[in-house]
Structure formats: C-alpha cells, structure tokens
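Descriptive analysis of the structure
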Amino acid sequence: MPALGVNIDHVATVRQARRTIEPDPVWAAVLAELGGADGITLHLREDRRHIQDRDLQVMRQTVQVKMNLEMAAEEEMTVIALSVKPDQVTLVPEKREEITTEGGLDVVANAAKIKTCAEQLKAAGIEVSLFIDPDERQIETATSLQVDAVELHTGRYADAVNALAREREFEQLVTATNLGIDHDLLVHMGHGLTYRNVSPIAEIDGVSELNIGHSIVARALMVGFEEAVREMKSLITV
Ligand SMILES: CC(=O)[C@@H](O)[C@H](O)COP(=O)(O)O
Ligand SMILES: NCC(=O)COP(=O)(O)O
C-alpha cells in the first residue's frame, strides 16, 4: 500500500490569483494531515507562480508528516533547501512557459549538474528523489547518481486517449517500477493521478509513495480538503 503525499501547490494557485493571503496552503497541509496524508509535497518554482518562500518556511515549522520539496536542480533552490531542510527533495524539470510539469527530468543529459545538487542535499541528511519518465536509461543513470528514490511520471498514463494507450503506459510503469526496485531505488509515482485513474497505480507492487495534488484540490473545492484527502487515501489503501 503506497503512502499518500498530498501536493498543495494549487491551493496557492487560488491565493495567487488575487495576490492575497487566502486560501493559505499551510491550512491545507494541516487538513491534509487530519485527512490521513502521509506526506506534504510542495513545489517552489523558480517563477514562484504558486508556492512562496514564506509557505515553505512556515510549513517546515508546522508539517508533522514527511515534507517533500519539489525544486529545480539550480543553485538558488539548493541553497534554500539546505537552509529549510525538508525531509525529501524531489528534483523536477521546469520551463517558464509550461502550464505544468511536461515531462521527467533528463537525468542522462544533466547527470553532472544533478549529481552535484544531490550530493549537497544528501550530505545535509535530505533524501533525494528524481522525477523521471518511466525510461530504462533514466533509471540506470539515476542509480549511478546514488539517489534514494525515483518518482515515475504518470502523465502519459493519465492523459492516455483510449484504454489501449492507457494499458500500454501502465505496463511501462510496471516495468520501470520493477527495474527501479532491482536497482534498490524507492519507487514513487505522480502527476495527473485522479480519483478515477489512481486505483490500478496504487495496486502496482513495490510503489512506496504516490504524490497527488491537482485532483485533490479540485475535489476539495467541492467537499473540503480533509474529506478530499480522506477519500483519496481510502482509494489507494488496497
Ligand atoms: C512534478 C509534478 O508533476 C508536480 O508535482 C509539479 O508540482 C507540477 O507543477 P505544478 O504544481 O506547477 O502544476
Ligand atoms: N509529483 C506529482 C505531484 O506532486 C502532484 O502532481 P499533480 O497530482 O498535481 O498532477
């Protein structure tokens, strides 16, 4: 049964729509914990389009479960992570013009830069995960960098246009999960998971963490944050 990491980015998206003080993602993190979240994930983007530095600082003081900071492998973000000391950092790709993360980190092409960042984080006692596509070369290279985990990008599975395409993407995720486990990596998954598509993912043997955000925030607008998390937690508890 995978742990549930609740990504609260898009609570901050609503707040930033008016550049005001509410809704506060800190409130959402507390309610997520009350709803059964095993972790809180937040993405401090270089463009600060949603989560702000203040949110990260306050949540470090208030989050009582695992705190997972998503960030680009850039010097500015590394300095912040070393100062705040989240439990885990997940290195993700960022492009300014993207609506959301479009693909996995290209570990193969950026190995040296990612290695430097990961070594600094691990030396500070921070677990390191790499957000990658379910691709053999990316997993092999991640292993060589001696990170703790990979988070497999589930976007192609989530966006599949029909059942055949979804099954193909699902099988690729299963194969990549087995490869990651064979290389002694923790295997997480995330991006685009919803109440409708999460169950088969939650049943994959060996997946230890699911990071889910946008769908929970969307449901929370209707039923409240604690209930939305409780419903997702019960869905993945197989
Ligand atoms: C890496 C990933 O898929 C998400 O955790 C990421 O946070 C997406 O970016 P936005 O939250 O800005 O949509
Ligand atoms: N790394 C995936 C994540 O944290 C949440 O992604 P999404 O559920 O908001 O698509």
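As recorded in an unreviewed UniProt entry, the protein goes by Pyridoxine 5'-phosphate synthase and comes from Symmachiella macrocystis. Within the UniProt record for the protein, the comment given under Catalytic activity (unreviewed entry) is "3-amino-2-oxopropyl phosphate + 1-deoxy-D-xylulose 5-phosphate = pyridoxine 5'-phosphate + phosphate + 2 H2O + H(+)". As its UniProt record puts it under Subunit (unreviewed entry), the protein is described as follows: "Homooctamer; tetramer of dimers."

Summarizing the sequence annotation, UniProt attributes the feature "active site" (unreviewed entry) to H43, E70 and H191 in the numbering used throughout. The named residues occupy 149 residues along the chain; their greatest pairwise C-alpha distance, 12.4 Å, places them in one compact cluster. From the set just named, the residues that line the largest pocket comprise H43, E70 and H191. The residue H43 is located in strand 2 (residues 39-43) in this model.

Close contacts around ligand 1 come from N7, D9, H10, H43, R45, H50, E70, V92, T100, T101, F131 and H191, and that covers them all. H43 is positioned with one of its side-chain polar atoms (N or O) 3.0 Å from an oxygen atom of ligand 1. Here an oxygen atom of ligand 1 and a side-chain polar atom of R45 are 2.8 Å apart. Protein burial of ligand 1: of its 350 Å² of free accessible surface, 93% is covered by the chains. Given that more than half its atoms are within 2 Å of the pocket grid, ligand 1 belongs to the largest pocket. Split by residue class, the shell around ligand 1 holds two nonpolar, seven polar and three charged.

All right, on to empty space enclosed by the protein then. By the definition in use, this model includes one cavity of 30 Å³ or more. Roughly 50 Å³ of volume is contained in the largest cavity. Around the largest cavity, the lining residues are D133, P134, H153, T154, R156, Y157, E169 and L173. Mapped onto the lining of the largest cavity, the elements with two or more residues apiece are helix 7 (155-158) and helix 8 (163-182). Of the residues belonging to the lining of the largest cavity, the class tally is three nonpolar, two polar and three charged.

In the vicinity of ligand 2, the contacting residues are N7, T41, E70, F131, E151, G190, H191, G192, N211, I212, G213 and H214. Between ligand 2 and N7 there is a distance of 2.8 Å, counted from an oxygen atom to a side-chain nitrogen or oxygen. A distance of 2.7 Å is found between an oxygen atom of ligand 2 and a backbone nitrogen or oxygen belonging to G213. The residue inventory of the shell around ligand 2, partitioned by class, reads two nonpolar, eight polar and two charged.

Burial within strand 1 (residues 3-7) is extensive, with four of its five residues counted as buried. Both strand 1 and strand 8 (residues 207-212) contribute to a ladder of four bridges, which runs parallel. Across the sheet, residue L4 finds its bridge partner in strand 8, namely L210. For strand 1 and strand 2, the ladder comprises three bridges, and the chain directions are parallel. Across the sheet, N7 pairs through a bridge with T41, a residue of strand 2.

Before going further, it helps to spend a moment on the sheet that holds strand 5 (residues 127-132). Pairing within the closed barrel is parallel, and its eight strands lie in the order 1-2-3-4-5-6-7-8. On average, adjacent strands in this sheet sit at an angle of 25° to one another, irrespective of strand direction. With four bridges connecting them, strand 7 (residues 186-190) and strand 8 associate as parallel partners. Note that in strand 8 the partner of M189 across the bridge is L210.

Attention shifts here to the packing of helix 2 (residues 25-34) against helix 11 (residues 225-236). Angle between the axes and distance between the axes are the two parameters that describe a pair of packed helices. Following both chains from N to C, one finds helix 2 and helix 11 inclined at 45°, their axes separated by 8 Å at the closest point. One finds that helix 2 runs oblique with respect to helix 11. Considering the relative orientation of helix 2 and helix 11, their crossing is right-handed. Across the interface between the two elements, A28, L31, A32 and L34 from helix 2 touch F225, E226, V229 and R230 from helix 11. Of the residues contributing to the contact of helix 2 with helix 11, the split by class is six nonpolar, no polar and two charged.

Rules used in this analysis
Residues numbered from 1 in each chain as written. Chains lettered and ligands numbered in written order. Predicted model: local features only at pLDDT ≥ 70, side-chain atom pairs only at ≥ 80, totals over all residues. Heavy atoms only, no water. UniProt positions renumbered as here; feature names shortened; annotations may be inferred. 1 Å grid on protein atoms, 1.4 Å probe; cavity = no way out; pocket = protein on both sides within 12 Å on 5 of 7 lines; lining within 4 Å. Helix = DSSP H or I, 4+ residues; strand = E, 2+ residues; numbered from the N terminus. Near = heavy atom within 4 Å. Polar contact = N/O pair within 3.5 Å; in protein donor to acceptor, adjacent residues only side chain to side chain. Areas by Shrake-Rupley, 256 points an atom, 1.4 Å probe, with all protein chains shown as cover. Sits in = over half its atoms within 2 Å of the grid points. Nonpolar A, V, L, I, M, F, W, Y, C, P; charged D, E, K, R; others polar. Points joined across faces, edges and corners; volume = space filled by probe spheres on them. Buried < 20%, exposed > 50% of the residue type's maximum accessible area, 1.4 Å probe, protein only. Pairing = 2+ DSSP bridges. Axes fitted to C-alpha atoms, helices over the stretch in contact; angles between N-to-C directions. Parallel < 35°, antiparallel > 145°, perpendicular 65-115°, else oblique. Left-handed = near helix turned anticlockwise from the far one by under 90°. Contact = heavy atoms within 4.5 Å.

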